[in-house]
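Structural description and commentary
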Amino acid sequence: MIPLRLPSNQELYDKIESWKTIEDTLKELDNNSLAERQLLLELHQESKEQLGIEFVKGHEYRYDLAFGLKMYERLKISPRTASDNRYWIHKGVYVVPDIVFWRWGPRAHDRYYKISSRIWLKVIWWYIHLSWQDSTEETFRILEMNSTDTIVQLVERSGTQGYRLKLCRVLMRHYHQYCMKSGKSEAEFFRRLMKLNTARLAAIEPALCEGEEEGYVRKLFADLEDRHRNTPAGN
Amino acid sequence: MSTVITPYPVLGDELLKKIGLEVVDYEFEYDDGKQTRKIETKPMRGEEHIASKFHLSDESEIWKPELHNLRFRRTIVIHNTRLLFGRDGIAPKDAVIGIAVKWMSKPSNQRGVFAGDSISFEDGKTQFVVQGELPPGILRDHFVLSTILYLKTRGKLQEGESHLANEPGVDLGTLDTVTIHLTGKGSYFPVFTISDDGPLWRVECNWDDPRYERFDEYSFRILLNANHPDYNHLNPSDKRVTPLMKEICLSALQILIEKVIEQVPVEELRSENYDRGSLCEAVRYHIEKFELDTSQKEHLAYTLRKKAYNRLGEVG
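This report concerns the structure included in the present document. Everything quoted here is computed from the prediction, not taken from an experiment.

1. Some thoughts on the overall build of chain B
Helix and strand content of chain B: five helices and 13 strands. C-alpha atoms of chain B, sized along the principal axes, occupy 70 × 55 × 30 Å. A total of 316 residues make up chain B; the buried ones form 50% of that total. Intrachain contacts of chain B at a sequence separation of at least 6 include 70% that bridge at least 24 residues.

The following block contains the structure:
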């Protein structure tokens, strides 16, 4: 459920800064929110166990991916709900501030509420949604080699008018295939790819191209690979 | 809106006038589980003259964006389709042009496109239809529909046609754009009410890079404090905008403009190196609409109040 109120920055700031104990959090939650908290804590615990970690340092991406996939599957929310910041701000600031704190440390106000494109729970939900390949296993497989930079490039740096869902999913699948060739994540290539994609989208609609999104993405990769070969230093 | 400079001609105002375009309003319907129901559209209050901002008006009040789909149908008449083709047009004579409707829902982070009928030089058809359907759980607040022409099938280039676009998928220009609000309660400024021991009003600016971040209620908002003794002077329950409310909106707008042009100077704004829907676009729009003098802060304050004071409509 989305709370109708959008608290002021000051209220959210004070809430996070004055957060001391789990008991403070529990006192203020209604039954729905308590159930949500329980669920998210379980997913958090499962993710940590799966990765065999107690602290996130050095495992940020692996944790984001593991927790993101579980949350995406279990929350079962629509894109309409997932684009409402109030939904995520409520979760991050009031329901599971301890998980956000565990992931980002103190004073990461951007990740709780402050910058719309950085609210962490929202960002990882969209990362999974935009990369989804029909099953958790397959989605995990194509995302496994990426890094937190991939999340930033895909989710935070996409156009202001909204995501083209099918295009993102096709693009992420092809990017995985590209990485498989070299056996490693190709962050610089991905950055260039997103840049070229943004430039092309100004004049081309991928869904209306020959071969639709698949055809468009193939050509995008082919053109960029050509350029990459010709300018290996990244100039 | 950021201007795209293309190496090929696209539909401009001049050609648009010549082709004899007639557009019919969008028709909307949805399935309520038992039957298909129509939804009317009405112009947004105060925007009747521009005929591009509408809201859905479901008299039965059944339609809910979370639960129901939304189908649309758009009919377009183009009397002189042949002018779109050949040397002075936008596509080779031998190519096929498609009509499509792009939908963009900034508030729900999604967009897409629906392809419709095709136009070719020879067939002489004048009436075209585009239809599309959005599933439940997609739309929020408002969405934009743009009817565009695109290159559907490439053609064999004839003499004098080498400058024309001939790559399938290329956007050849926009016939028209409308904004559809899900309800009739839109507001120009993102105004919220809070209740604390702070001042009567404040603005919140949450952004890093105004060139790419959206102008919306999260990046910029005005908060009115219902707990403040002067709150009643804002006439919150009345539709009429009080002078105090106007002054708050103008001061807030001034803060927005000053803060953005500190990061992106006005000369850079003119180069349109920013995303559509971004804070930069909003600021440039206001500077141009109200012919604001941004050279000094006091000049900005003066021109903003001189030009914009009487043009602030209903704030809700």
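2. Observations concerning the side chain of Asn146 of chain A
Residues and elements named next belong to chain A. Along the chain, Asn146 turns up in the loop between helix H10 (136-143) and helix H11 (148-156). Engagement of the side chain of Asn146 in a polar contact is seen with the side chain of Tyr127, the distance being 3.1 Å. For Asn146, the contacting residues outside a window of four places in its chain are Tyr61, Tyr127, Met172, Tyr175 and Ser185.

3. A few points about the packing of aromatic side chains
Here the structure, examined in full by the defined rule, presents 20 aromatic pairs over all chains. Geometrically, the ring pair formed by Tyr63 of chain A and Phe67 of chain A is stacked, given 5.5 Å between the ring centres and 10 degrees between the ring planes. Taken together, the residues span about one helical turn, with Tyr63 of chain A and Phe67 of chain A both in helix H4 (residues 60-75) at a distance of four residues. The buried category is assigned to Tyr63 of chain A, whose relative accessible area is 0%. For Phe67 of chain A, a relative accessible area of 0% puts it in the buried group. An aromatic cluster is built from Tyr72, Trp125, Trp126, Trp132 and Tyr163 of chain A, whose rings are joined through pairwise contacts. Above the ring of Phe121 of chain B, the side-chain terminus of Arg82 of chain B is found at 4.4 Å from the ring centroid.

4. A closer look at the sheet that holds strand S13 (residues 220-225) of chain B
Residue and element names in this part refer to chain B. Overall, mixed pairing links the three strands, which are arranged S11-S13-S12 in an open sheet. One side of each edge strand has no neighbouring strand; the edge strands of this open sheet are strand S11 (191-194) and strand S12 (201-205). On average, adjacent strands in this sheet sit at an angle of 30 degrees to one another, irrespective of strand direction. Here S12 pairs with S13 via five bridges, running antiparallel. The residue of S13 that forms the bridge with Val203 is Ile222.

5. Considerations on helix H4 (residues 279-289) of chain B
Three or four residues apart is the spacing at which side chains of an α-helix point the same way, because the helix has 3.6 residues per turn. Residues and elements named next belong to chain B. The element H4 is largely enclosed, with a buried count of eight among its 11 residues. Those residues of H4 hidden inside the fold are in contact with S13, helix H2 (243-263) and helix H3 (266-270). A positive phi of about 45 degrees marks Glu291, the residue just after H4.

6. Quick word on the nonpolar core
Core analysis: the largest hydrophobic core is formed by 114 residues, its most contacted members being Phe67 and Trp88 of chain A together with Phe28, Leu84 and Leu149 of chain B. Among the elements that make up this core, the one with the highest residue count is helix H9 (residues 120-131) of chain A (nine residues). Beyond its immediate chain neighbours, meaning those up to four positions away, Phe67 of chain A contacts Leu40, Leu43, His44, Ser47, Ile99, Trp120, Leu121 and Ile124 of chain A. One finds Leu250, Ile261, Tyr274 and Cys280 of chain B within the second-largest nonpolar core, a separate group that totals 35 residues.

7. Some remarks on the pattern of salt bridges
Residues and elements named next belong to chain B. Per the counting criterion, the structure on display carries 43 salt bridges over all chains. Among the ionic pairs, Asp31 bridges to Arg71, the shortest N-O distance being 2.8 Å. Within this pair, whereas Asp31 is found in strand S2 (residues 27-31), its partner Arg71 is found in strand S5 (residues 70-78), the two being separated by 40 residues in sequence. Taking relative accessible area as the criterion, Asp31 reaches 28% and is therefore assigned partly exposed. Two residues, Arg221 and Glu204, come together in a salt bridge whose shortest N-O distance is 2.7 Å. Of this pair, Arg221 sits in strand S13 while Glu204 is found in strand S12, placing the two residues 17 residues apart along the sequence. Arg221 sits in the buried class, given a relative accessible area of 3%.

Cut-offs and rules
Residues numbered from 1 in each chain as written. Chains lettered and ligands numbered in written order. Predicted model: local features only at pLDDT ≥ 70, side-chain atom pairs only at ≥ 80, totals over all residues. Heavy atoms only, no water. Helix = DSSP H or I, 4+ residues; strand = E, 2+ residues; numbered from the N terminus. Buried < 20%, exposed > 50% of the residue type's maximum accessible area, 1.4 Å probe, protein only. Contact = heavy atoms within 4.5 Å. Polar contact = N/O pair within 3.5 Å; in protein donor to acceptor, adjacent residues only side chain to side chain. Phe/Tyr/Trp six-rings, centres within 6.5 Å; stacked < 30°, edge-to-face > 60°. Lys NZ or Arg CZ within 6 Å of the ring centre and 35° of its normal. Pairing = 2+ DSSP bridges. Axes fitted to C-alpha atoms, helices over the stretch in contact; angles between N-to-C directions. Core = buried A, V, L, I, M, F, W, Y, C linked by side-chain atoms within 4.5 Å. Salt bridge = Lys/Arg side-chain N within 4 Å of Asp/Glu carboxyl O.

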